[in-house]
Amino acid sequence: MSETVENAPAAAVGSVRRSRDVPMLVERARAGDPRAVARLITLVESGDEVLPQVAGALAPYAGQAQVVGLTGSPGVGKSTTTNELVRALRARGHRVGVLAIDPSSPFTGGAILGDRVRMQDHATDPGVYIRSMSSRGHLGGLSAATPQAVRVLEGAGCDVVLVETVGVGQAEVEVASLADTTLVLLAPGMGDAIQAVKAGILEIADVFVVNKADRDGADATVRDIQGMIALGERGPGEWRPQVVRAIAARGEGIDDIAAAIDKHRGWLEQHDELRRRRETRAAAEIEAIALGVLRARIGSLRDGTELSTLAAKVAEGAIDPYAAADELLAQLGS
Ligand SMILES: Nc1nc2c(ncn2[C@@H]2O[C@H](COP(=O)(O)OP(=O)(O)OP(=O)(O)O)[C@@H](O)[C@H]2O)c(=O)[nH]1
Ligand SMILES: [Mg+2]
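So, here is what we can say about the structure in this document.

Each value, and the rule that gives it
Residues numbered from 1 in each chain as written. Chains lettered and ligands numbered in written order. Predicted model: local features only at pLDDT ≥ 70, side-chain atom pairs only at ≥ 80, totals over all residues. Heavy atoms only, no water. Helix = DSSP H or I, 4+ residues; strand = E, 2+ residues; numbered from the N terminus. Buried < 20%, exposed > 50% of the residue type's maximum accessible area, 1.4 Å probe, protein only. Contact = heavy atoms within 4.5 Å. Areas by Shrake-Rupley, 256 points an atom, 1.4 Å probe, with all protein chains shown as cover. Pairing = 2+ DSSP bridges. Axes fitted to C-alpha atoms, helices over the stretch in contact; angles between N-to-C directions. Parallel < 35°, antiparallel > 145°, perpendicular 65-115°, else oblique. Nonpolar A, V, L, I, M, F, W, Y, C, P; charged D, E, K, R; others polar. Right-handed = clockwise from strand over helix to strand, strands pointing away. Expected span 1.5 Å × (residues − 1). Core = buried A, V, L, I, M, F, W, Y, C linked by side-chain atoms within 4.5 Å.

This paragraph deals with the overall build of the protein. Tallying secondary structure elements over the protein gives 15 helices and seven strands in all. Looking at the 334 residues of the protein, the share that counts as buried comes to 47%. The contacts of the protein with a sequence gap of at least 6 include a subset with a gap of at least 24, amounting to 74%. Here the protein has roughly 16,000 Å² of accessible surface; of this, 53% comes from carbon and sulfur atoms.

Right under this line is the structure:
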């Protein structure tokens, strides 16, 4: 997303940049103002107190965008592929949102700077919003923040939202599984295929992209992955992950990736999977928010006397910790 402001009056820009006027921000975002979109995502990212209001204002636009996740090891070519996919989607006339998620770092770090450079091609295109996010301070972590940010982009009229996450652990798997279609990127010779299985990434991949196919070992990686897909048990009509080769750095294989995404999208619609996935996603979202609220309430109990009273009782053997936990939960509910 371009944050250049030279054409806007300074006062108006300042007011949007710091505003908590949710109806105004949503109205401007609906009209395509990139600063309002940026501000709303900042409110989401920082877990601002107006977040429920933001979510409320955006609820009517839920489900309008196709959400595509891209995950894979650091440096495998996610941002390069995203950049090329944006180009292909723009050529089809779509408005596109990009969220580059950094789950590991609480601050905006070097990788994100790299993303900016690699997605620079679209920085001045008004039909493209690009945004990096970290989990800084958000109650429910990224699994709660990401879908909200997707909603902001949906509200801003994006037809497709691409979500890039580094695939190195459970949190990332969770974020990737928030997508309608998930691409897992691999590169030859990184031992990636084996690692993918270990990390549980095989289960979330709808499309495998063997990127850097200009390097030795691409055939072997394709074979490995196809072998693993063949081992998986699949009922009739179940989706069989596609394997696509690409050289993202040269823009090669991007049409094949887009075709695989389209094919998966068709399958989702045909099998009512889109609705099912989105309900699963909504359930995870509700759970993450509810757990965040619970955690905050437990935190406030910890400051007060309830928890210490229970702790003293457990320590002296007056009650057991399960009974104490029940009591604590009962207090939280009241
Ligand atoms: N040889 C080769 N290099 C590539 C290809 N695609 C991307 N690269 C290079 O690989 C490096 C990393 O690419 P990125 O797109 O930043 O990878 P990433 O997965 O987004 O990296 P992180 O966000 O840091 O995890 C860059 O130097 C790219 O130019 C490719 O198809 N072939
Ligand atoms: Mg990247």
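The subject of this paragraph is the sheet that holds strand E5 (residues 181-186). The strand order E3-E2-E4-E1-E5-E6-E7 describes an open sheet built from seven strands, whose pairing is parallel. Looking along the sheet, the strands with just one partner apiece sit at the ends: strand E3 (128-134) and strand E7 (242-245). In this sheet, adjacent strand axes meet at a mean angle of 20 degrees when their direction is disregarded. Relative to strand E6 (residues 207-210), E5 runs parallel, the two being bridged by four bridges. Paired with Leu 185 across the bridge in E6 is Val 209. Seen against the sheet, helix H5 (residues 78-91) touches strand E1 (66-72), strand E2 (96-102), E3, strand E4 (160-166) and E5 and runs at an angle of roughly 175 degrees to E4. Strands in contact with helix H11 (residues 218-231) are E5, E6 and E7; relative to E7, the strand with the most contacts, it is inclined by about 175 degrees.

Attention shifts here to the packing of helix H13 (residues 273-303) against helix H15 (residues 321-333). Two numbers describe how H13 lies on H15: the axes approach to 11 Å, and their chain directions differ by 105 degrees. In this view, H13 runs roughly perpendicular relative to H15, as classed from their interaxial angle. Mapping the contact onto sequence places Leu 294, Arg 297, Ile 298 and Leu 301 in H13 and Leu 328, Gln 331 and Leu 332 in H15. Among the residues forming the contact of H13 with H15, the class breakdown is five nonpolar, one polar and one charged.

What follows covers unusual backbone geometry. Phi angles above zero are rare outside glycine, and Lys 212 is one such case at about 60 degrees. One non-glycine residue with positive phi stands out, namely Asp 272, at about 60 degrees. Position of Asp 272 relative to the elements: it lies in the loop between helix H12 (254-270) and H13. Taking the relative accessible area as the measure of exposure, Asp 272 reaches 39% and is therefore partly exposed.

Taking burial as the measure, the seven residues of E2 include seven buried ones, the bulk of the element. Side chains Val 96, Val 98, Ala 100 and Asp 102 project from E2 onto one buried face, and the interleaved Gly 97, Leu 99 and Ile 101 project onto a second face that is buried too. The pairing of E2 with E3 spans seven bridges and is parallel. Bridging from a neighbouring strand, Ala 100 pairs with Ser 132 of E3. Alignment of E2 against E4, held across six bridges, turns out to be parallel. Its bridge partner lying in E4, Leu 99 is registered against Val 163.

Pairing geometry for E6 and E7, over four bridges, is parallel. Across the sheet, Val 210 pairs through a bridge with Arg 245, a residue of E7. Each parallel crossover has a hand, and for E6 linked through H11 to E7 it is right-handed.

This next bit is on H13. Helix length check: H13 (31 residues) gives 45 Å between terminal C-alpha atoms against 45 Å at 1.5 Å per residue, within 8%. The complete set of buried residues in H13 reads Glu 273, Leu 274, Arg 278, Arg 281, Glu 285, Ala 288, Gly 292 and Leu 301.

Ranked by size, the top nonpolar core spans 32 residues in total, and within it Val 37, Leu 40, Ile 41, Val 54, Leu 99, Leu 153 and Val 161 carry the most contacts. Of all elements in the fold, only helix H2 (22-30), helix H3 (34-45), helix H4 (51-58), E2, E3, helix H7 (141-155) and E4 reach the threshold of two or more residues within this core. A total of six residues in this core trace back to one element, the largest contributor, which is H3. Those residues in contact with Val 161 that lie beyond four places of it in its chain are Ala 65, Gln 66, Val 67, Val 68, Gly 97, Leu 99, Val 150 and Leu 153.

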